[in-house]
Amino acid sequence: MDILTYLLSHFSLKAGVFYTGPICGVHDFEEDTTQGHVHLIHRGSVKISGPNIPSAIVINEPTVLFMPRPDKHRLEISEGEEIQALCGTIHFGYSQKNPISDSLPAILAAPLSALTNGVQVTDLLFSEAFEQPEGRQGTLDRLCEILIMKLLRHGMAEGLIHGGVLAGLLDTKLSKALLEIHEHPARAWTVANMADAAGMSRSRFAEHFNRVLGESPADYLTSWRIITAQQLIRQGMQIKQVCGEVGYGSASAFNRAFSRKVGCSPSQWLKQHTDL
C-alpha cells in the first residue's frame, strides 16, 4: 500500500513559502498551533534552538527541517555570517489536528543529500526564487511540497515515525483495521469487531493499538469520524446528513462529540473555515 498517497487523498498537503534568500543574525518564531513550519538551509551554518528542543541543532550542510507542530524556536547565525534559506508554512488539510502531523516527531530533519533528488529540487526552487519568473509563488509552493513529500518518505524509510496513524498503517495487522475504519466510519464499531478486522484478540488488539498509535481505538475512531465530518461539511453536505454518514444517530450526539474534539459546534467551525 502506498501510505502517503492514501493519506494525502484525505489530507491535502499545502505549502506557503514566505521567504527565500539570505538570513543573518537571530530570528525568533512564535508558537504556531495552526500550521507547520519548514526551514530549508541551502547554504551556510545555523543553530536552531527553543524551549522545547532538548539540545540545540547545529546545521552545517544543506538540510530541510520540518516542524509539524512548531513551538517557539530560534534560528541563530554567527555574527558576520549569513545563510541562504527558505522559510514556509505547511498545512495538511484544514484541521488544526490531523493524523499526518500528529504522527511525526516534533522535528523531522534530513540533509538534502539523503533525499532522492533533494539537491536538484532545491536548486530549482532557489532558481525560481531569484529569477522572478511568472508564476513564481505557485511554483515555489509546489516545489516545497515536493520536498516535504521526500522528507516524509525518508522519515518512514529510516524508522523515524514512532507513533500515530503513519506507524499504524505501517503495522501489517493494525493497518487492516485502520483501513476499514477509514473507509466505513459510520459502522457500529466496537473494539471487538476492530480486533476481528485486524485478525487479533480483543485484548491484544487494544494493547497493541494504544502502544503504536498512542490512543485508544475508541478515541481514534471518534477523531476519524470528526475529521471525516469536517471534510463533508466543507464539501457542502448538510450537518443533519453528516451525522449519519459518520456514525451518529442524532444531531445532539454528533454535536457533543464534535465540540469535545474541536472546541466549538459544527456550525461555528464552518463559519471559521468558510474562506480557507
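Given the structure is predicted, the values throughout are model-derived calculations rather than measurements.

A. Broad picture of the pairing of strand β3 (residues 36-43). By the criterion of burial, β3 is predominantly enclosed, with 7 of the 8 residues buried. When β3 meets strand β8 (residues 83-92), the two strands line up antiparallel, connected through 7 bridges. Opposite H39, over in β8, you have C87 as the bridge partner. One ladder, built from 5 bridges, connects β3 with strand β6 (residues 63-67); its direction is antiparallel. Residue pairing across strands places H37 opposite M67, the latter belonging to β6.

B. Expanded view of the packing of helix α6 (residues 174-183) against helix α9 (residues 217-234). Close contact between α6 and α9 brings their axes to 10 Å; oriented N to C, the two are set at 35 degrees. Considering the relative orientation of α6 and α9, their crossing is right-handed. Of the residues in α9, those touching α6 at L178, I181 and H182 are Y220, L221 and W224. Taken together, the residues of the contact of α6 with α9 sort by class into 5 nonpolar, 1 polar and no charged.

C. Here's a closer look at the packing of aromatic side chains. Inspection of every chain in the model, using the stated rule, returns 9 aromatic pairs. Ring geometry for F66 versus F92: centroids 6.3 Å apart, planes at 65 degrees, classification edge-to-face. With a gap of 26 residues between them, F66 in strand β6 and F92 in strand β8 connect regions that are remote in the sequence. A single burial state applies to F66 and to F92, both of which are buried. Between the aromatic rings of F126 and F130, the centroid separation amounts to 6.1 Å while the plane-to-plane angle is 40 degrees, which identifies the pairing as tilted. One end of the pair, F126, and the other, F130, are both in helix α3 (residues 118-131), 4 residues apart, so they sit about a helical turn from each other. The exposure class of F130 is partly exposed, given its relative accessible area of 45%. Ring-pair connections join several aromatic residues into one group, and the members of that group are F11, F205, F209, Y220 and W224. The ring of Y248 carries the charged tip of R225 above its face, separated from the ring centre by 5.6 Å.

So, how was this worked out
- Residues numbered from 1 in each chain as written.
- Predicted model: local features only at pLDDT ≥ 70, side-chain atom pairs only at ≥ 80, totals over all residues.
- Heavy atoms only, no water.
- Buried < 20%, exposed > 50% of the residue type's maximum accessible area, 1.4 Å probe, protein only.
- Helix = DSSP H or I, 4+ residues; strand = E, 2+ residues; numbered from the N terminus.
- Pairing = 2+ DSSP bridges.
- Axes fitted to C-alpha atoms, helices over the stretch in contact; angles between N-to-C directions.
- Left-handed = near helix turned anticlockwise from the far one by under 90°.
- Contact = heavy atoms within 4.5 Å.
- Nonpolar A, V, L, I, M, F, W, Y, C, P; charged D, E, K, R; others polar.
- Phe/Tyr/Trp six-rings, centres within 6.5 Å; stacked < 30°, edge-to-face > 60°.
- Lys NZ or Arg CZ within 6 Å of the ring centre and 35° of its normal.

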